[in-house]
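Commentary on secondary and tertiary structure
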Amino acid sequence: MDSPPREYAVRPGFQRVEVQKTTWEVPHRYTALRSVGSGAYGTVWLYVSLTSSHLIPPWRNSKRSQDLGHIMKRRRLTDRIITYLFYQLLRGLKFIHSAGIIHRDLKPGNLAVNENCELKILDFGLARQTESEMTGYVVTRWYRAPEVIFNWMHYSQTVDVWSAACILAEMITGQVLFPGHDSIDQLKKILHLTGTPDTSLVQKMQSEDAQSYVLGLPPQKKKNFKEVFECMEDNAVSLLEGMLLLDPDTRLTAKQGLSHPFLAEYHDTESEPDSQPYDDSFESLELAIGEWKSLIHMEIMTFDPDDPSKTAI
């Protein structure tokens, strides 16, 4: 009978730590590790460094923040707070999209809100440039645009607009708008509200499989949004209707959404800037690990949350 394999040796300067039934190897200088969250590509850890000579600065000029998902579970939001939060969300999306970036994972859990009702968009781990090759496996299912579910076509920034609309409906009603338990059920719930795609949209679908699937669906008419969302004010219903269009080419953009009467109280073109196009030239740099660490540290220390265009790299 073969003997069990010996446990491999820990590298010098490292220790083996088990957290949440997973074994990790971390430098000795890191202590008190605990998981604070996870995403599509990894886990976020909080730790104490025994050798750090500096601290990473906190989110300046802000108070304690929580993600929007936790906030909505605790209490219903007032109409004015909802409008203000959604204005900030679209303002942020306008800036991101003008840089040629798609977030691709907008959900309440990726929106931080502090005690002053200031909103920040978090977690750009799935963000991509618009001309990049896209995959359908993005965005938490409940906030996923229909063109992404079955990879109908090369999608654009309006996938974020769809997600934003789902978040707006959830803030107002207190319920997830499309709580599908799998991709098929997700699309079923969407089409129950929007109706099945018309011929012009089907013809634009680049996937023949998607075309065949959609053409095989029983025809459904679009629901009357005012009847579905009868407790909402007319402007909120109108904005949702423009953002929840099946055809991404006719769906409202973030910039157009900012001009909608629903956000008239806060809309100000002077305070809704565009970004410079995203410059990814640094990714082609051939630098040593120490040089990359230095650049990243400089980026953190010089970042200005009031002017995100000022970066070190």
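What you are looking at is a predicted structure, and each value in this text was computed from that prediction instead of being measured. (Residues numbered from 1 in each chain as written. Predicted model: local features only at pLDDT ≥ 70, side-chain atom pairs only at ≥ 80, totals over all residues. Heavy atoms only, no water.)

To continue, consider a nonpolar patch on the surface. The grouping of Ile 296, Ile 300 and Met 301 at the surface amounts to a nonpolar patch, some 250 Å² of accessible area in total. Looking at where Met 301 falls in the secondary structure, it is placed in helix H11 (residues 289-302). On the basis of relative accessibility, which here comes to 41%, the residue Met 301 falls in the partly exposed class. (Patch = residues over 30% accessible without salt bridge, like charges linked within 9 Å, V, L, I, M, F, W, Y side chains within 5 Å. Areas by Shrake-Rupley, 256 points an atom, 1.4 Å probe, with all protein chains shown as cover. Salt bridge = Lys/Arg side-chain N within 4 Å of Asp/Glu carboxyl O. Helix = DSSP H or I, 4+ residues; strand = E, 2+ residues; numbered from the N terminus. Buried < 20%, exposed > 50% of the residue type's maximum accessible area, 1.4 Å probe, protein only.)

This next bit is on the pattern of salt bridges. Scanning the model with the defined rule gives nine salt bridges in all. For the salt bridge of Arg 16 with Glu 25, the shortest nitrogen-to-oxygen distance reads 3.7 Å. Measuring nitrogen to oxygen at the nearest pair gives 2.4 Å for the salt bridge that ties Arg 80 to Glu 265. Placement of Arg 80 in helix H2 (residues 79-98) and of Glu 265 in the loop between helix H10 (254-258) and H11 is noted, with a sequence separation of 185 residues between them. Several salt bridges converge on common partners, so that one network encompasses Arg 11, Arg 16 and Glu 25.

This part takes up the nonpolar core. Within the largest apolar cluster, 65 residues are counted, with the highest numbers of intra-cluster contacts made by Phe 86, Leu 89, Met 171 and Leu 244. For this core, the leading source of residues is helix H4 (residues 158-173), giving 11 residues. If near-sequence neighbours (up to four positions away) are discounted, Phe 86 is found in contact with Ala 164, Leu 168, Met 171, Leu 239, Met 243, Phe 262 and Leu 263. (Core = buried A, V, L, I, M, F, W, Y, C linked by side-chain atoms within 4.5 Å. Contact = heavy atoms within 4.5 Å.)

Confidence along the protein chain averages 84 in pLDDT terms, with 83% of residues attaining 70 or more. A low-confidence stretch, residues 56-62 (pLDDT under 50), is modelled with 15 contacts involving residues beyond four sequence positions or located in other chains. (pLDDT = per-residue confidence, 0-100.)

Turning to the packing of aromatic side chains, a few remarks are in order. Following the criterion strictly, the structure yields four aromatic pairs and no others. Geometrically, the ring pair formed by Trp 162 and Phe 178 is stacked, given 5.9 Å between the ring centres and 20° between the ring planes. On the criterion of sequence distance, the pair formed by Trp 162 in helix H4 and Phe 178 in the loop between H4 and helix H5 (183-194) is long-range, its members being 16 residues apart. Over the ring of Phe 14 we find Arg 11, and its NZ or CZ is 4.1 Å from the ring centre. (Phe/Tyr/Trp six-rings, centres within 6.5 Å; stacked < 30°, edge-to-face > 60°. Lys NZ or Arg CZ within 6 Å of the ring centre and 35° of its normal.)

Next up on the list: the packing of H2 against H4. Running from N to C, H2 and H4 point in directions that differ by 170°, and their axes come no closer than 11 Å. The orientation of H2 relative to H4 falls into the category roughly antiparallel. Contacts between H2 and H4 pair Ile 82, Leu 85, Phe 86, Leu 89, Leu 90, Leu 93 and His 97 from the former with Asp 160, Ala 164, Ile 167, Leu 168, Met 171 and Ile 172 from the latter. Of the residues belonging to the contact of H2 with H4, the class tally is 11 nonpolar, one polar and one charged. (Axes fitted to C-alpha atoms, helices over the stretch in contact; angles between N-to-C directions. Parallel < 35°, antiparallel > 145°, perpendicular 65-115°, else oblique. Nonpolar A, V, L, I, M, F, W, Y, C, P; charged D, E, K, R; others polar.)

It is at 9 Å that the axes of H4 and helix H9 (residues 234-243) come closest, and there the two elements cross at 150°. The angle between H4 and H9 falls in the class roughly antiparallel. Here H4 runs over H9; the crossing is left-handed. In this structure, H4 contributes Val 161, Trp 162, Ala 164, Ala 165, Leu 168, Ala 169 and Ile 172 to the contact, and H9 contributes Ala 236, Leu 239, Leu 240 and Met 243. By residue class, the composition of the contact of H4 with H9 is 11 nonpolar, no polar and no charged. (Left-handed = near helix turned anticlockwise from the far one by under 90°.)

Here the focus is unusual backbone geometry. Not every positive phi belongs to a glycine, and Cys 117 is a case in point at roughly 60°. The backbone of Asp 123 shows a phi angle near 60°, a positive value even though the residue is not glycine.

Spanning 12 residues, H5 covers 16 Å between terminal C-alpha atoms, matching the ideal 16 Å at 1.5 Å per step. For H5, the complete set of buried residues consists of Asp 185, Gln 186, Leu 187, Ile 190, Leu 191, Leu 193 and Thr 194. A side-chain oxygen of the first residue of H5 lies 3.1 Å from the backbone nitrogen of Ile 184; this N-cap is Asp 182. The first or second residue beyond H5 is Gly 195, which carries a positive phi of 85°. (Expected span 1.5 Å × (residues − 1). Polar contact = N/O pair within 3.5 Å; in protein donor to acceptor, adjacent residues only side chain to side chain.)

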